[in-house]
Amino acid sequence: MTGTLNPRSWLYPTPRGLFCEPGDFYVDPAVAVPRAVITHGHGDHARPGHRAALATPETLAIMRTRFQDMPDTTQQPLKYGESVRVGEVDVSLVPAGHILGSAQAVLEYKGQRIVVSGDYKRRPDATCPPFEPVPCDVFITEATFALPVFHHPSDSGEIGKLLRSLETFPERTHLVGVYALGKCQRVIMLLRAAGYDKRIWIHGALASLCKLYQDQGVDLGDVALVSDAILETFKGAIVLCPPSAIADRWSRRFFDPIPSMASGWMGVRARARQRGAELPLIISDHADWAELCQTLKDVGAPRVWITHGREEALVHMARSLGIDAEALHLTGREEEDET
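Position labels on residues start from 1 in each chain and follow its written sequence. Restriction of local features to residues with pLDDT of at least 70 applies here, the model being predicted, together with a cutoff of 80 or more for giving and counting side-chain atom pairs; totals for whole chains, interfaces and linings are based on all residues. Think of the side-chain values as coming from all heavy atoms in the structure, minus any hydrogens and water.

1. Comments concerning the sheet that holds strand E8 (residues 89-95)
1) Next: Whether two strands pair depends on DSSP finding at least two bridges between them. The way it works is that DSSP assigns letters per residue, a run of H or I at least four long becomes a helix, a run of E at least two long becomes a strand, and they are numbered from the N terminus. Strand order in the open sheet made by the 7 strands is E7-E8-E9-E10-E11-E18-E19, with mixed pairing throughout. This sheet does not close on itself; its edge strands, each paired only once, are strand E7 (83-86) and strand E19 (324-327). Averaged over all pairs of adjacent strands, the angle between their axes in this sheet comes to 25 degrees, without regard to strand direction.
2) Next: Judged from the 5 bridges that link them, strand E9 (residues 103-109) and strand E10 (residues 112-116) form a sheet pairing that is antiparallel. Bridging from a neighbouring strand, leucine 107 pairs with isoleucine 114 of E10.
3) Next: Note on contacts: a residue pair qualifies if any of its non-hydrogen atoms lie within 4.5 Å across the two residues. Think of each axis as a best-fit line through the C-alpha atoms, taken over the contacting stretch in the case of a helix, with angles from 0 to 180 degrees between the N-to-C directions. Together, strand E11 (138-143) and strand E18 (303-309) form the strand contacts of helix H6 (residues 289-299), whose direction differs from that of E11 by roughly 170 degrees.

2. Observations regarding H6
1) Next: Listing the buried residues of H6 in full gives Trp289, Glu291, Leu292, Cys293, Thr295, Leu296 and Val299.
2) Next: Where H6 is buried, its residues meet E11, E18 and helix H7 (311-320).
3) Next: We call two N or O atoms a polar contact when they sit within 3.5 Å, provided that within protein one can donate a hydrogen and the other can accept it, with sequence-adjacent residues counted only if both atoms are side-chain atoms. Where H6 begins, the capping side chain belongs to aspartate 288, and its oxygen is found 3.3 Å from the backbone nitrogen of alanine 290.
4) Next: A positive phi of about 65 degrees marks glycine 300, the residue just after H6. Here's how the labels work: a residue is buried when its accessible area is under 20% of the maximum for its type, exposed when over 50%, partly exposed in between, all with a 1.4 Å probe on protein chains only.

3. Details of the sheet that holds strand E16 (residues 258-262)
Backbone hydrogen bonds are what pair the strands of a sheet, in a parallel or an antiparallel way.
1) Next: Strand order in the open sheet formed by 6 strands is E14-E13-E15-E12-E16-E17, with parallel pairing between adjacent strands. Edge positions in the open sheet fall to strand E14 (223-225) and strand E17 (279-281), since each of these has one partner strand only. Going across the sheet, the axis of each strand differs from the next one's by a mean of 25 degrees, ignoring polarity.
2) Next: Sheet topology note: the strand E12 (residues 174-177)/E16 ladder contains 4 bridges and is parallel. Each bridged residue has a counterpart across the sheet, and for leucine 175 the counterpart in E16 is proline 259.
3) Next: Helix H3 (residues 183-193) contacts strand E13 (200-202), E14, strand E15 (238-241) and E16 of the sheet and is inclined by roughly 160 degrees relative to E15.

4. What about the pattern of salt bridges?
1) Next: The term salt bridge refers to a side-chain nitrogen of Lys or Arg lying within 4 Å of a carboxyl oxygen of Asp or Glu. Under the defined criterion, the tally for this structure stands at 18 salt bridges.
2) Next: Across the salt bridge formed by arginine 85 and aspartate 90, the nearest N and O atoms sit 3.1 Å from each other.
3) Next: Residue classification places arginine 85 among the exposed positions, given a relative accessible area of 52%.
4) Next: The class for aspartate 90 is partly exposed, based on a relative accessible area of 28%.
5) Next: Note that glutamate 171 and lysine 235 form a salt bridge whose closest N and O atoms lie 3.9 Å from each other. You can see glutamate 171 sitting in the loop between helix H2 (155-168) and E12 and its partner lysine 235 sitting in the loop between E14 and E15, a full 64 residues away along the chain.
6) Next: Assessed through its relative accessible area of 45%, glutamate 171 is described here as partly exposed.
7) Next: On the basis of relative accessibility, which here comes to 42%, the residue lysine 235 falls in the partly exposed class.

5. Examining the packing of aromatic side chains
1) Next: For Phe, Tyr and Trp, rings pair up if their centres lie within 6.5 Å, where Trp contributes its six-membered ring, and each pair is then called stacked (planes under 30 degrees apart), edge-to-face (over 60) or tilted (otherwise). Following the criterion strictly, the structure yields 11 aromatic pairs and no others.
2) Next: Ring geometry for tryptophan 10 versus tyrosine 109: centroids 5.3 Å apart, planes at 50 degrees, classification tilted. Of the two residues, tryptophan 10 sits in the segment before strand E1 (11-14) while tyrosine 109 sits in strand E9, which places them 99 residues apart along the sequence. The same class applies to tryptophan 10 as to tyrosine 109, namely buried.
3) Next: In textbook terms, an aromatic cluster arises when at least three aromatic residues are bridged by ring pairs, as seen for Trp201, Phe234, Trp250 and Phe254.
4) Next: For a lysine, the NZ atom is tested; for an arginine, the CZ atom; a charge sits over a ring if that atom is within 6 Å of the ring centre and within 35 degrees of the ring normal. Sitting over the face of the ring of tryptophan 305, arginine 8 holds its NZ or CZ atom 5.3 Å from the ring centroid.

6. A few points about H2
1) Next: To estimate the expected span of a helix, count its residues, drop one, and scale the result by 1.5 Å. Counted at 1.5 Å a residue, the expected span for H2 with its 14 residues is 20 Å, and the 20 Å between its end C-alpha atoms agrees.
2) Next: Those residues of H2 not exposed but buried are Asp155, Glu158, Ile159, Gly160, Leu162, Leu163, Ser165 and Leu166.
3) Next: Where H2 is buried, its residues meet E12, H3, E15, E16 and E17.

7. Considering the packing of H6 against H7
1) Next: In contact at an axis separation of 11 Å, H6 and H7 are set at 45 degrees when each is read in the N-to-C sense. Considering their axes alone, H6 and H7 lie oblique with respect to each other. Between H6 and H7 the crossing geometry is right-handed. Along the contact surface, H6 presents Trp289, Leu292, Cys293 and Leu296, while H7 presents Ala313, Leu314, Met317 and Ala318.
2) Next: Its residues assigned to classes, the contact of H6 with H7 comprises 8 nonpolar, no polar and no charged. Roughly parallel refers to an angle under 35 degrees, roughly antiparallel to one over 145, roughly perpendicular to one between 65 and 115, and oblique to any angle outside these ranges. By definition, any crossing whose near helix is turned counterclockwise from its far helix by less than a right angle is left-handed, and any crossing with a clockwise turn is right-handed. Each residue gets one label: Ala, Val, Leu, Ile, Met, Phe, Trp, Tyr, Cys and Pro are nonpolar, Asp, Glu, Lys and Arg are charged, and the others, such as Gly, are polar.

Dropping the structure here:
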């Protein structure tokens with residue numbers, strides 16, 4: 001690795017997204033482009049309509065499930081640890097620990113290495129391999145929870161709150177709002193790890209991605225569609241659904257449900273109230289403040305670029321460590337919750 005080349009001369013933000021000039025491709029572009037490298041399948045990073053897309057096989061499978069026009073896209077799968085030459089740039093993908101198939105894009109050009117981390121977390125997740133720190137000249141990071149106030153509690157502790165509530169209110173349905181890609185499957189696996197082996201009911205909008213996870217080797221156990229239930233009261237059951245369904249007519253079939261939601265934002269009381277979450281579960285697929293700071297130390301990059309989130313706080317912290325940090329202010333990024 002070398003610092004003699006100005007990294008901005010070959011990778012820089014544009015209205016379409018991060019553009020790699022010597023490779024003639026964009027990373028997680030905000031619009032359809034001729035050639036894209038995709039870090040993961042969430043809708044603010046993976047968009048339909050690209051002429052060509054390079055990603056992990058799992059991310060491409062997610063995109064095929066979500067987008068109808070994927071047959072028109074030339075798909076180039078790249079497994080973790082493999083490398084391919086794109087134009088004049090060597091591209092490889094390493095685990096980001098965010099969701100199934102999520103990757104950091106490692107770009108090498110003329111002896112310089114830039115890592116585009118996409119979204120990531122540092123905690124164990126049974127649905128995907130853990131984040132791997134890669135030494136680099138420039139590390140490009142998110143800052144979704146980049147304020148010292150954000151300290152995510154243990155996942156097992158939050159799942160324990162749900163299970164204790166089940167014991168306390170055995171007649172009531174626990175309705176848990178989860179996002180369809182990543183959070184849904186992770187909550188299921190956390191329940192299984194805690195010893196909950198009963199049937200977990202899901203809203204129809206979660207079905208296709210749960211099936212995809214199962215097909216990719218993630219054993220979710222006994223999962224069934226609410227719409228397939230016959231003579232089921234759902235008393236004492238766990239039902240997962242999109243957050244919007246909790247206040248929808250769909251939820252009226254459940255007797256005296258306890259509304260819950262799993263999100264990193266549930267640590268903010270105003271957000272929990274806004275979502276109507278009687279039982280907020282602070283379960284995030286993003287790094288919290290301490291984990292973001294630790295990651296900057298782990299990768300050891302002299303330069304850090306920040307894509308979206310609480311950029312100012314992380315820039316300040318990085319500069320206090322002697323890192324040359326700046327915010328890219330990329331557009332089109334959601335914070336955690338997909339709409």
